[in-house]
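Remarks on the overall topology
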Amino acid sequence: MITSRRTLLQAAGAAGLVSAAGLPLRASAQTPITVGVIYVGPRDDFGYNQAQAQAAAALKKLPGVKVVEEEKVPETIAVQKTMEAMITQDKASLIFATSFGYFDPHMLRMAEKYPKVRFAHGGGMWTEGKHPKNAGSYFGYIDGAQYVAGVVAGHMSKSKKLGFVAAKPIPQVLRNINAFTMGARSVDPSITTRVIFTGDWSMAVKEAEATNSLVDQGVDVVTCHVDGPKVMIETAEKRGIMTCGYHASQAALAPKGYLTGAEWDWSTPYGMLVDAARTGKPHLNFLRGGLKEGFVKMSAYGPSVTPAAKAAGDAARTALTTGNFAIFKGPLKDNKGGTVVPAGTSLEMTNLELEKMNYLVEGVLGSIPA
Amino acid sequence: MASVQSVLAAALRPVNAPPAVLAWLVPIASIVVGLLAFGVFVALLGRNPLEVYATIFEGGFASAFSWNNTLLRAAPLILTGLAVAIPAQAGLVVIGGEGALALGALAAAAVAVPLAPSLGAGALVAGAVAGAAAGGLWFALTGYFRAYRGLNETISSLLLSYIAIAVFNHLVEGPLRDPASLNKPSTLPLPDAAMIGQIPWLDVHWGLAIGLVACLIAQLALSRSTQGFALRVAGGNPRAAMLVGLPVGALIVAACALGGAAAGLAGAIEVMAVHSAASASVLAGYGTTGILVAFMARQQPLAIVPVAILMGGIAAAGSLLQRRLDLPDATTLVLQGLLFVSILAGEAFMPKERR
Amino acid sequence: MTFDAVLTVLIAVMGGAIRVSTPFLFVSLGECITEKSGRINLGLEGTMVFGAMFGYAVSYHTGSPWLGVLAAGCSGVVFGAVHGLLCSLPRVNDTAIGISLIVLGLGLAYFFGKAYIQPTAPRLPSLDLGAWSDRPALRAALQVNVLFIVGAVLAFVLHWAFANTRWGLQLRTVGDSADAARALGLSVGRTRVMATALGGFFGGVAGAYLSLYYPGSWNEALSSGQGVMAVALVIFARWRPLGCFRAALIFGGAGSIGPALQAVGIQAGYHLWNAAPYVLTLAIMLASTSKARASIGAPGELSMTR
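This structure is a prediction, so every number in the text was calculated from the model and none was measured. Per chain, the residues get numbers from 1 upward, laid out in the order the sequence is written. To read the labels, note that chains go from A and ligands from 1, taken in the order they are written. Reporting in this predicted model follows two pLDDT cut-offs: at least 70 for local features of residues, and 80 or more for side-chain atom pairs to be given and counted; totals over whole chains, interfaces and linings ignore these cut-offs and use all residues. Note that the side-chain values use all heavy atoms of the structure and ignore hydrogens as well as water.

Description of the overall build of chain C
Only DSSP runs of H or I covering at least 4 residues are called helices, and only runs of E covering at least 2 are called strands; the numbering of each starts at the N terminus. Of regular secondary structure, chain C possesses 15 helices and two strands. In this treatment the radius of gyration is a C-alpha quantity, and the globule benchmark scales as 2.2 Å times the residue count to the 0.38 power. Computed over its C-alpha atoms, the radius of gyration of chain C comes to 20 Å, within 12% of the 19 Å expected for a compact globule of 306 residues. Dimensions along the principal axes, computed over C-alpha positions, put chain C at roughly 65 × 50 × 35 Å. Note on exposure labels: buried denotes an accessible area under 20% of the residue type's maximum, exposed denotes more than 50%, and partly exposed covers the range between, all computed with a 1.4 Å probe on protein chains only. Here chain C, with 306 residues, has 66% of them falling under the buried criterion.

Here's what the structure looks like:
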């Protein structure tokens, strides 16, 4: 069932105190459990898959938890077989299907075939009544972290031009582009973000070309939403501009230009799902959280970040974690002049409307190639 | 070096064994040699080769589940293997199967979904026909360019494949997109009940059977029919074929079209049996692996089936190798490469071909 | 589009022609040598990716990217030699061997490359040929790597060598007619193996360029099929080294059209724009071939064009 944030926190509280790292401090049951984690790409891609792998590694440290992993599993019949193999051969009772394309039909089919096994999907739109109860999805409101990164970028940018290398124009990506832009424009409304779409999640040469094109346009801070930000970050560093990371920390790749980054902390939802499985509580079907719940986090500030930028970034983070700050609130215009959020309306982070985003806000240079 | 060459050639000339026996013995021996080489590779890394072999066998071929896994992974490879093997009969090296598969998937999705409510299973037939037609037409372009414009078919099929994939992505994300498929752009889906079903007892979709039948038909047509014979003559010796009056150009286009139809059909089956809609997930490299399968099978349609099963088994085993022995996914690529090299090098020991 | 936007796109295309073309240039020149001797090495994709990994690893361990390039080239020699030797066996199909070596090369590259995804290796430097300009885009486009210049020079050297040196003549004889070569006392087998090994060297160097300069990173998504494409470009270039240079430039430049257009605001149909290099290459080839002129320039012994 769709769980509101309050119920989520209550469940987390009941399941055990949640530590700073997001893992339950005391496992209320020592039931041994085998957990399967499936990645669509290599685990060490300095990006999306690596962030999930870091959470899996954290799970391995828990007593009584065995983790079996498989990487580079394509979104075809292969992932169905992998899930089945983990269940039948490795006796996994909780499966993390981390790539978006695993959800429909693959994970759903397996969930119907194995009703006693729990399935957790990264980012899917699990819907009450439509999808089986032993399936569920978890995701993080990383747009909050992108907003903070945008604030820092807004302070640090001298040319007032930011860049965004994006894979495909899907809602999750558009939300990040918009949040980043709005964070920057909260510092200076004249800031613009130029976006370039590469067409797919992992295209090294296109990502490098896109970064170069952006820098040629005068952009001096660039961020991205691709599976592996490594190429973008390294290309930007070589051109001498600043970067904000994504998925995981790429600070090691850009010692001079890395400002901060929007990172996942998947160990929080992973811990919650494992705990629910071990203690026999109902499967968490729609698990979402942001900076506040520890599902996402910020990278440490890089060496070049000014004190003013740091202060602004910290303030934004505080607003998102403690207050009722909503990024997408009216009146909000898109970059074609229309109004997407009317005045007086405020879209909370948990609002499902945001998961259907199909616009780019004012200040984003570029269009959705429909 | 010249003398070494001739000594080598002399040593490799087939012995007195009857040719039929060698035709089976050599490939099997090659596979064994390839496996041994892999064992050496694994041992050099400090792993126990026997443990690795056992895990490969367990993952691909030891239980009903692993066979199910293997067959499901092999199913699309049979058709994409044909996509390379049929044009090869006409002497062409066509490697654009991935693009034809993509167009076939798109065509099937576009045709089958609107027809499903009214036609039921007939919609699947329509989808399959549409998919085969789309792939066939696309490859026919390659054939036409080769036959009537002299453009090398390898490069044109490769370029056309990339172009087809770009068109596929453009259409799936744009005009043909299901508005509800937000974070994973797809075409409108087939309802579950309308999809291709499973072969009873095997728990594998009928696409496997379609692939087997296609191979059988291809083999029979090539070896028994006049057109098949004409095709092979055109492939073996184009000048002689023209002297005899065979329509070499038309044969080339036809061979390409049939190969493309096989790839397009593979794409259609992926949509109608596995995914229920066309999306980027369909581009999983089946077309590319099909090239490998066809060459390993020496372009013989019937041999494609065991080779595809071998490839499927290795992929299934790779899954277990990762989980049990913590060996990276690339291990299966190394195994495939060594097997392939081995089988090809074994060609040197094969008896001289009858044809 | 405004004049400024047009200029931006043109500059980006020029930059791309220099940046992106280099791997294509080296692979196609290497393949040119191999195919002139009458053999096809389709396996350069595997050689290239392995070279990328190996070059990156050597650069990381020794601190010298140039040693990395050399090491990558040497690994390419090994792959090429293996290809050549295997193809010397009777009745072995060189197209198939090439494909098998792609698989093996990729497998070994990814297998051993896992350890090198995280570390940062020293990269190749660039020459700032555009320092005279005050337009940052132009300066960036003219950031040239020495390897590009080496490749360009190589194209001219090969062009001259094929026609004017004994080596070039021997190579072409072996490639055009094995019988004629044997009659002249040339060793067909040895020439082909060495030509393939030399081609492999350049394939490895192309890979090192990818991982050590542009995109300048090692991971499993590094290649987008440059090795296979470059082998095809040799046909486009009609087995002429200068044609290979031209082909690589066109291909590299056309690949930058997509991102450059987006940078100036044209985003519709981005998948199609990204396919520009393929469309352009196909169009040019269609315009320049006809049935009569089909195999002009093809070495007579080349299995693909017989």
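A closer look at the pattern of salt bridges
Take a side-chain nitrogen of Lys or Arg and a carboxyl oxygen of Asp or Glu: if they are within 4 Å of each other, that pair is a salt bridge. One pass over the full model with this rule turns up 30 salt bridges over all chains. One salt bridge in this structure joins Lys 60 of chain A and Glu 69 of chain A, with 2.6 Å as the shortest N-O distance. For Glu 355 of chain A, the salt bridge identified is with Arg 288 of chain A, shortest N-O distance 3.1 Å. With Glu 355 of chain A in the loop between strand S16 (346–347) and strand S17 (364–365) and Arg 288 of chain A in strand S11 (residues 286–289), this pair connects stretches of sequence that are 67 residues apart. Through salt bridges with shared partners, a single network forms among Arg 43, Asp 44, Lys 60, Glu 69, Glu 71 and Lys 72 of chain A, Asp 329 of chain B together with Lys 114 and Glu 220 of chain C.

Regarding the interface of chain C and chain B
Accessible area lost on assembly of the parts is the figure often given for the size of an interface. Contacts: residue pairs with any heavy atoms within 4.5 Å of one another. The interface is formed by 51 residues belonging to chain C together with 50 residues belonging to chain B. Across the contact surface, chain C and chain B share zero salt bridges. Counted as a polar contact is a pair of N or O atoms within 3.5 Å, where, for protein atoms, one must be capable of donating a hydrogen and the other of accepting one, and residues adjacent in sequence contribute only when both atoms are in side chains. One can count four residue pairs in polar contact (both at pLDDT 80 or more) joining chain C with chain B. The set of elements that each furnish at least two residues to the side of chain C that touches chain B consists of helix H4 (65–88), helix H5 (94–113), helix H10 (188–212), helix H11 (226–236), helix H14 (270–274) and helix H15 (276–288) of chain C. If you tally residues by element for the side of chain C that touches chain B, the top one is H5 of chain C, at 14 residues.

Points about helix H8 (residues 230–239) of chain A
With eight of its ten residues buried, H8 of chain A lies for the most part within the structure. Taken as a whole, H8 of chain A has its buried residues at Lys 230, Val 231, Met 232, Ile 233, Glu 234, Thr 235, Ala 236 and Glu 237 of chain A. Tucked into the core, H8 of chain A has its buried residues touching strand S6 (161–166), helix H7 (204–216), strand S8 (221–225), strand S9 (242–247) and strand S10 (258–264) of chain A together with helix H3 (44–62) of chain C. Among the residues trailing H8 of chain A, Gly 240 of chain A stands out with phi positive, at a value near 80°.

Points about the interface of chain A and chain B
Of the residues lining the interface, 33 residues belong to chain A; the matching set on chain B comes to 28 residues. Defined here as a combined quantity, buried area equals the accessible surface (1.4 Å probe) lost by two parts on assembly, summed across both. Of the roughly 2800 Å² buried where chain A meets chain B, counting both sides, 49% is carbon and sulfur surface. If you sort the residues of chain A by the area they bury against chain B, Ile 77, Lys 81 and Gln 89 of chain A come out on top, with a joint share of 21%. At the junction of chain A with chain B, the criterion picks out seven salt bridges. At the surface where chain A touches chain B, the tally comes to 17 residue pairs in polar contact (both at pLDDT 80 or more).

Side note on the environment of Leu 158 of chain B
Considering the arrangement of structural elements, one finds Leu 158 of chain B in helix H7 (residues 153–173). Overall, Leu 158 of chain B belongs to the buried group, its relative accessible area being 8%. Separated by 108 residues in sequence, Leu 158 of chain B and Leu 50 of chain B place their C-alpha atoms 40 Å apart. Excluding residues within four positions of it along the chain, Leu 158 of chain B makes contact with Ile 95 of chain B together with Val 228, Met 229 and Ala 232 of chain C.

Digging into the sheet that holds strand S1 (residues 33–38) of chain A
All names here are of chain A. One requirement defines pairing of two strands: DSSP has to find at least two bridges between them. On the basis of which strands lie adjacent, the open sheet formed by six strands has the order S2-S1-S3-S4-S5-S11 and parallel pairing. Of all strands in the sheet, those bounded by a partner on one side alone are strand S2 (65–70) and S11. Going across the sheet, the axis of each strand differs from the next one's by a mean of 20°, ignoring polarity. A fitted line through C-alpha atoms serves as each axis, taken over the contacting stretch for helices, and the angle formed by two N-to-C directions is quoted from 0 to 180°.

What about the nonpolar core?
Formed by 190 residues in total, the largest nonpolar core has its most connected members in Phe 38, Leu 82, Leu 190 and Met 272 of chain B together with Trp 218 and Met 229 of chain C. Leave out the neighbours within four places in its chain, and Leu 190 of chain B touches Ala 112, Val 113, Ala 116, Leu 124, Met 195, Met 272 and Ser 276 of chain B. Within the second largest apolar cluster, 99 residues are counted, among which are Ala 236, Tyr 258, Trp 264 and Leu 347 of chain A. Side-chain atoms within 4.5 Å are what join buried Ala, Val, Leu, Ile, Met, Phe, Trp, Tyr and Cys residues into a set we call a nonpolar core.

Here we look at a nonpolar patch on the surface
All names here are of chain C. Patches here: salt-bridge-free residues with over 30% relative accessible area, like charges joined within 9 Å, nonpolar side chains (Val, Leu, Ile, Met, Phe, Trp, Tyr) joined within 5 Å. The method behind every accessible area is Shrake-Rupley, applied with a 1.4 Å probe, and residues are considered shielded solely by the protein chains displayed. A cluster of nonpolar side chains, Leu 127, Leu 129, Ile 149, Val 153 and Val 157, forms an exposed patch at the surface whose accessible area comes to about 380 Å². Ranked by residue count, the leading element in the nonpolar patch is helix H7 (residues 146–164), at three residues. Considering the arrangement of structural elements, one finds Val 153 in helix H7. Owing to a relative accessible area of 47%, Val 153 belongs among the partly exposed residues under this scheme.

Structural notes on the confidence of the model for chain C
pLDDT is a per-residue confidence score from the predictor, ranging from 0 to 100. Looking at chain C, the pLDDT average stands at 90 and 97% of residues meet or exceed 70. In the predicted assembly, ipTM is 0.90 and pTM is 0.89.

Quick word on the side chain of Thr 191 of chain C
Residues and elements named next belong to chain C. Relative to the helices and strands, Thr 191 is located in helix H10. At 2.6 Å, the side chain of Thr 191 and the backbone oxygen of Ser 187 are in polar contact. Sequence-distant contacts of Thr 191, that is, excluding residues within four places in its chain, are made with Leu 171 and Val 174.

Some thoughts on the packing of aromatic side chains
Given two aromatic rings, one states the distance between the centres and the angle between the planes to describe the pair. Here is the rule: rings of Phe, Tyr and Trp (six-membered ring for Trp) pair when centre to centre is within 6.5 Å. Planes less than 30 degrees apart are stacked, more than 60 are edge-to-face, and the remainder are tilted. Across all of its chains, the model carries 31 aromatic pairs over all chains by this definition. Between Phe 156 of chain C and Phe 245 of chain C the ring centres are 6.5 Å apart and the planes differ by 75°, which places this aromatic pair in the edge-to-face class. Taken together, the positions of Phe 156 of chain C in helix H7 and Phe 245 of chain C in helix H12 (residues 241–255) put the pair 89 residues apart, joining distant regions of the chain. The exposure class assigned to Phe 156 of chain C is partly exposed, which follows from its relative accessible area of 48%. Here the aromatic residues Phe 96, Tyr 138, Phe 139, Tyr 246, Trp 264, Trp 266 and Tyr 270 of chain A are joined through ring pairs into a cluster of three or more. Geometrically, a lysine NZ or arginine CZ counts as sitting over a ring once it is within 6 Å of the ring centre and also within 35 degrees of the ring normal. Lying across the ring of Tyr 213 of chain C, Lys 238 of chain A places its NZ or CZ 4.5 Å from the centre. Over the ring of Phe 286 of chain A we find Arg 288 of chain A, and its NZ or CZ is 4.0 Å from the ring centre.

A look at the sheet that holds S9 of chain A
All names here are of chain A. With mixed pairing, seven strands are arranged side by side in an open sheet as S12-S10-S9-S8-S6-S7-S17. Among the strands making up the open sheet, the edge pair consists of strand S12 (296–298) and S17. Bridge count between S9 and S10: five bridges; the pairing is parallel. Bridging across to S10, Cys 244 finds its partner in Thr 260. Each of S6, strand S7 (192–197) and S8 is contacted by H7, which is oriented at about 165° to S6, the strand it contacts most.

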